[in-house]
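Below are the chains, spelled out letter by letter.
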Amino acid sequence: MQRLPGVGPKSAQRLALHLIKRPEAEVEALAHALMDAKKQVGLCQVCYHLSSEPVCDICRNPNRDNTTICVVADSRDVIALEKTREYKGKYHVLGGVISPMDGIGPEQLTAQVLVRRVSQQQPKEVIMAISPSVEGETTTLYIGQLLKPFTKVTRIAFGLPVGGDLEYADEVTLARALEGRRELD
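Just so it is clear, the structure is predicted and the values come from calculations on it, not from any experiment. (Residues numbered from 1 in each chain as written. Predicted model: local features only at pLDDT ≥ 70, side-chain atom pairs only at ≥ 80, totals over all residues. Heavy atoms only, no water.)

A. View of the overall build of the protein chain. When helices and strands are counted, the protein chain shows seven helices and six strands. Seen in sequence order, the protein chain has helices and strands lined up from the N terminus as α-α-β-β-α-β-α-β-α-β-α-β-α. Seen along its three principal axes, the alpha-carbon backbone of the protein chain occupies a region of about 60 × 45 × 40 Å. In the protein chain, which comprises 185 residues, the proportion classed as buried is 29%. (Helix = DSSP H or I, 4+ residues; strand = E, 2+ residues; numbered from the N terminus. Buried < 20%, exposed > 50% of the residue type's maximum accessible area, 1.4 Å probe, protein only.)

Below is the structure:
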């Protein structure tokens, strides 16, 4: 249990003890559900988001805007952006970020597939929506340079969270907030 992301030793112990106390049929149903999900869920052939079909619901949806592609590191980012109900375009999931320390280079990502997709589809804009870590910045700059010959490349703004206090924000976050400022409506 502790191998699961975000699960520490105490939580792992709590989960294991909970499962041991549950009826065998309930634990078996959970195990089958996990195995079914593992067998049935793969990656979309177009955007590489999780999908139980060869092409995901978002890519198949004719009402989505084909003129924008939002590039994210993984499917959790697609899910987070979809919850906002603001973005109406398509996605491309890279499958991670460039991280030499972890042995992840551009060739381990779906970057070349993205370049091919953008060169063929000619979207009006590609939005880079990758977290502003060192690895995320490296990935954003690398992918941006690859795509600039084909289309306009933008990035999401970074800054202060709603309800956050300036005094508690770090210098990088404040600098990003200033960079991403816009005129009042």
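B. A look at the pattern of salt bridges. Taken as a whole, this structure holds five salt bridges when the rule is applied. Salt-bridge contacts for Asp-74 lead to Arg-76; the nearest nitrogen and oxygen are separated by 2.7 Å. Judged by relative accessible area, Arg-76 falls into the exposed class, the value being 61%. (Salt bridge = Lys/Arg side-chain N within 4 Å of Asp/Glu carboxyl O.)

C. Broad picture of the packing of aromatic side chains. For the coordinates displayed, the defined rule picks out one aromatic pair. With 5.1 Å between their ring centres and 65 degrees between their planes, Tyr-87 and Tyr-91 make a pair best called edge-to-face. When sorted by exposure, Tyr-87 lands in the same class as Tyr-91, which is buried. (Phe/Tyr/Trp six-rings, centres within 6.5 Å; stacked < 30°, edge-to-face > 60°.)

D. Local environment of the side chain of Arg-64. Of note, Arg-64 is situated in the loop between α3 (57-60) and β3 (65-72). In this structure the side chain of Arg-64 is engaged in a polar contact, spanning 2.9 Å, whose partner is the side chain of Glu-82. For Arg-64, the side chain forms a polar contact with the main-chain oxygen of Lys-88, separated by 3.2 Å. Beyond its immediate sequence surroundings of up to four residues, Arg-64 is in contact with Ile-58, Glu-82, Tyr-87, Lys-88, Gly-89, Lys-90 and Tyr-91. (Polar contact = N/O pair within 3.5 Å; in protein donor to acceptor, adjacent residues only side chain to side chain. Contact = heavy atoms within 4.5 Å.)

E. Representation of the layout of surface pockets within the structure. Taken as a whole, the largest pocket spans an internal volume of roughly 440 Å³. Only α4 (75-84) and α7 (171-179) provide two or more residues apiece to the lining of the largest pocket. Broken down by element, the lining of the largest pocket gets its largest block of residues, three residues, from α4. Residue composition of the lining of the largest pocket, grouped by class: ten nonpolar, two polar and five charged. (1 Å grid on protein atoms, 1.4 Å probe; cavity = no way out; pocket = protein on both sides within 12 Å on 5 of 7 lines; lining within 4 Å. Points joined across faces, edges and corners; volume = space filled by probe spheres on them. Nonpolar A, V, L, I, M, F, W, Y, C, P; charged D, E, K, R; others polar.)

F. Seen up close, the environment of Pro-123. Tracing the chain through its elements places Pro-123 in the loop between α5 (111-121) and β5 (125-128). The class of Pro-123 is buried, set by a relative accessible area of 5%. With 28 residues separating them along the chain, Pro-123 and Thr-151 place their C-alpha atoms 6.6 Å apart. Beyond its immediate chain neighbours, meaning those up to four positions away, Pro-123 contacts Asn-66, Thr-67, Thr-68, Ile-69, Val-118 and Thr-151.

G. Region of the structure containing the sheet that holds strand β6 (residues 152-155). Reading across the sheet, the four strands line up as β4-β3-β5-β6 and stay open at both edges, with parallel pairing between neighbours. Each having just a single partner strand, β4 (89-93) and β6 make up the two edges of the open sheet. Averaged over all adjacent pairs, the angle separating strand axes in this sheet is 25 degrees, with direction ignored. Bridge analysis of β3 against β4 gives five bridges, and the strand direction is parallel. (Pairing = 2+ DSSP bridges. Axes fitted to C-alpha atoms, helices over the stretch in contact; angles between N-to-C directions.)

H. Highlighting unusual backbone geometry. Its identity is not glycine, yet Arg-85 carries a phi of approximately 60 degrees, on the positive side. Turning to its location among the elements, Arg-85 is positioned in the loop between α4 and β4. Here Arg-85 falls in the exposed class, since its relative accessible area comes to 69%. With a phi close to 50 degrees, Gln-122 is a non-glycine residue in the positive phi region.

I. Highlighting the confidence of the model for the protein chain. When the pLDDT values of the protein chain are averaged, the result is 92; 98% of them are 70 or greater. Model confidence for the protein chain, summarised as mean pLDDT per element, is weakest for α7 at 79 and strongest for β4 at 98. (pLDDT = per-residue confidence, 0-100.)

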